[in-house]
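Now for the letters of each chain:
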Amino acid sequence: MTGIRNILILTGAGVSAESGVATFRGPDGLWEGHRVEDVATPEGFARDPELVHAFYDARRARLGKVGPNAAHQALARLDHEWPGELLLVTQNVDDLHERAGSQRLLHMHGALNNGWCLRCNERFGWEGMMGAAAQCPSCATYGMVRPDIVWFGEIPYGMDQIDAALLRADLFVSIGTSGAVYPAAGFVRTARYRGASTLEINLEPSQGSIFFDERRYGPAGTEVPAWVD
Ligand SMILES: CC(C)NC(=O)[C@H](Cc1c[nH]c2ccccc12)NC(=O)[C@H](CCCC/N=C(/NCCC(=O)O)S[C@H]1O[C@H](COP(=O)(O)OP(=O)(O)OC[C@H]2O[C@@H](n3cnc4c(N)ncnc43)[C@H](O)[C@@H]2O)[C@@H](O)[C@H]1O)NC(=O)OCc1ccccc1
């Protein structure tokens, strides 16, 4: 990685697949059993909060039964050893990157283990079941807590920090994402436009694969350590 100082990495559900976390669009993917509009939009939450809480409570419970894989661990190693700038932006709401030790990390679509009270606007860590009647640990109100997740139609977190990193990146790497959801799916074109070299690591070509200078296809648990080490 000669001549590379600033690295921006984007991950998606594919990086957690080998840990046993369901992807969205794959066979038995998350969107198989649920209509996106029903479980991942503010309108769906307003219509049926119990359904949405059940969807996220089940995923939060599952998170306790899985662990980081070799891809998460390799990215954590790179984070610790890379002398230049590095930002790992994940679309994933699981906590496997931080459990592997990644620190220069940004959850652009929120986190399963966080809650958000719509009455006092506080955000807080949340373990276990949430359910529609949950009590806000900050203002003690019942039934106003939602998962702190970015739903469709909502503005992703950290866009300023991501834009700044896109501006400075010499290398943009996309790992385990289908490139189907924006604004994340547009990052490769922005990075390329600003002169960064671009690498895709995925099981198969993503919707944006034509924009990548280099492509490595295979399981992230194998390809990412091979790229890092
Ligand atoms: C469907 C799509 C067209 N819709 C959008 O993009 C919309 C905007 C939009 C609407 N209409 C449009 C029309 C055109 C363009 C855009 C739009 N986007 C939004 O609404 C976003 C908000 C989107 C966020 C929604 N929330 C998520 N997640 C949290 C919830 C939850 O988790 O439940 S999105 C969710 O789906 C996406 C899933 O994609 P992937 O992670 O890639 O997973 P997928 O299953 O699809 O693919 C897995 C890949 O891994 C590979 N793989 C599998 N196993 C492995 C393996 N073992 N190793 C390696 N690779 C592997 C597979 O081959 C595959 O390629 C992720 O982003 C994920 O976070 N907000 C916004 O635009 O606000 C304005 C704005 C914009 C810019 C700046 C300011 C404001």
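Worth saying up front: this structure is predicted, and the values here are computed from it rather than measured.

The next point concerns the pattern of salt bridges. Following the criterion strictly, the structure yields 12 salt bridges and no others. For the salt bridge of Asp229 with Arg77, the shortest nitrogen-to-oxygen distance reads 2.9 Å. With Asp229 in the segment after α9 (220–228) and Arg77 in helix α5 (residues 70–81), this pair connects stretches of sequence that are 152 residues apart. On the basis of relative accessible area, Asp229 is assigned to the exposed category, the value being 64%. Given the relative accessible area of 32%, Arg77 is considered partly exposed. When the shortest N-O distance is used, the salt bridge between Asp213 and Arg192 registers 2.9 Å.

Within the open sheet, the 3 strands sit side by side as β5-β4-β6. Their pairing is antiparallel. Of all the strands in the sheet, the pair left with one neighbour each is β5 (123–125) and β6 (145–149). The sheet shows a mean angle of 45° between the axes of neighbouring strands, taken without regard to direction. In this sheet, β6 lies alongside strand β4 (residues 110–117) in antiparallel orientation, the contact comprising 4 bridges. Residue pairing in the sheet places Gly110 in a bridge with Ile149 of β6.

Bringing the UniProt feature "active site" (unreviewed entry) in the chain into the picture now. As annotated by UniProt and renumbered to match this structure, "active site" (unreviewed entry) occupies His109. Counting through the fold element by element, His109 comes out in the loop between β3 (105–107) and β4. One polar contact links the side chain of His109 to the main-chain carbonyl oxygen of Gln91, over a distance of 3.5 Å.

This part covers the site of the ligand. What surrounds the ligand is a group of 34 residues, the closest being Arg59, Thr177, Ser178, Tyr182 and Glu204. A distance of 2.7 Å separates an oxygen atom of the ligand from a polar side-chain atom of Thr177. Glu204 places a side-chain nitrogen or oxygen 2.6 Å from an oxygen atom of the ligand. In isolation the ligand has 1,500 Å² of accessible area, and contact with the protein removes 76% of it. For the shell around the ligand, the residue count by class is 18 nonpolar, 11 polar and 5 charged.

Attention shifts here to the UniProt feature "binding site: Zn(2+)" (unreviewed entry) in the chain. Per the UniProt annotation, the sites labelled "binding site: Zn(2+)" (unreviewed entry) are Cys117, Cys120, Cys136 and Cys139. A maximum C-alpha distance of 8.6 Å is found for the annotated residues, which run over 23 residues; spatially they form one tight group. Take Cys120: it is sitting in the loop between β4 and β5. Residue classification places Cys120 among the partly exposed residues on the basis of a relative accessible area of 25%. Filtering out sequence-adjacent residues up to four positions away, Cys120 remains in contact with Cys136, Ser138 and Cys139. Topologically, Cys136 is positioned in the loop between β5 and β6.

Before going further, it helps to spend a moment on the packing of aromatic side chains. All chains considered together, the criterion is met by 5 aromatic pairs. Aromatic ring contacts, followed pair by pair, group Phe45, Phe55, Tyr56 and Trp151 into a single cluster. For the cation-ring pair, Arg123 lies above Trp116, with the distance from its terminal atom to the ring centre recorded as 3.9 Å. Sitting over the face of the ring of Trp151, Arg146 holds its NZ or CZ atom 3.8 Å from the ring centroid.

Procedures and definitions
Residues numbered from 1 in each chain as written. Predicted model: local features only at pLDDT ≥ 70, side-chain atom pairs only at ≥ 80, totals over all residues. Heavy atoms only, no water. Salt bridge = Lys/Arg side-chain N within 4 Å of Asp/Glu carboxyl O. Helix = DSSP H or I, 4+ residues; strand = E, 2+ residues; numbered from the N terminus. Buried < 20%, exposed > 50% of the residue type's maximum accessible area, 1.4 Å probe, protein only. Pairing = 2+ DSSP bridges. Axes fitted to C-alpha atoms, helices over the stretch in contact; angles between N-to-C directions. UniProt positions renumbered as here; feature names shortened; annotations may be inferred. Polar contact = N/O pair within 3.5 Å; in protein donor to acceptor, adjacent residues only side chain to side chain. Near = heavy atom within 4 Å. Areas by Shrake-Rupley, 256 points an atom, 1.4 Å probe, with all protein chains shown as cover. Nonpolar A, V, L, I, M, F, W, Y, C, P; charged D, E, K, R; others polar. Contact = heavy atoms within 4.5 Å. Phe/Tyr/Trp six-rings, centres within 6.5 Å; stacked < 30°, edge-to-face > 60°. Lys NZ or Arg CZ within 6 Å of the ring centre and 35° of its normal.

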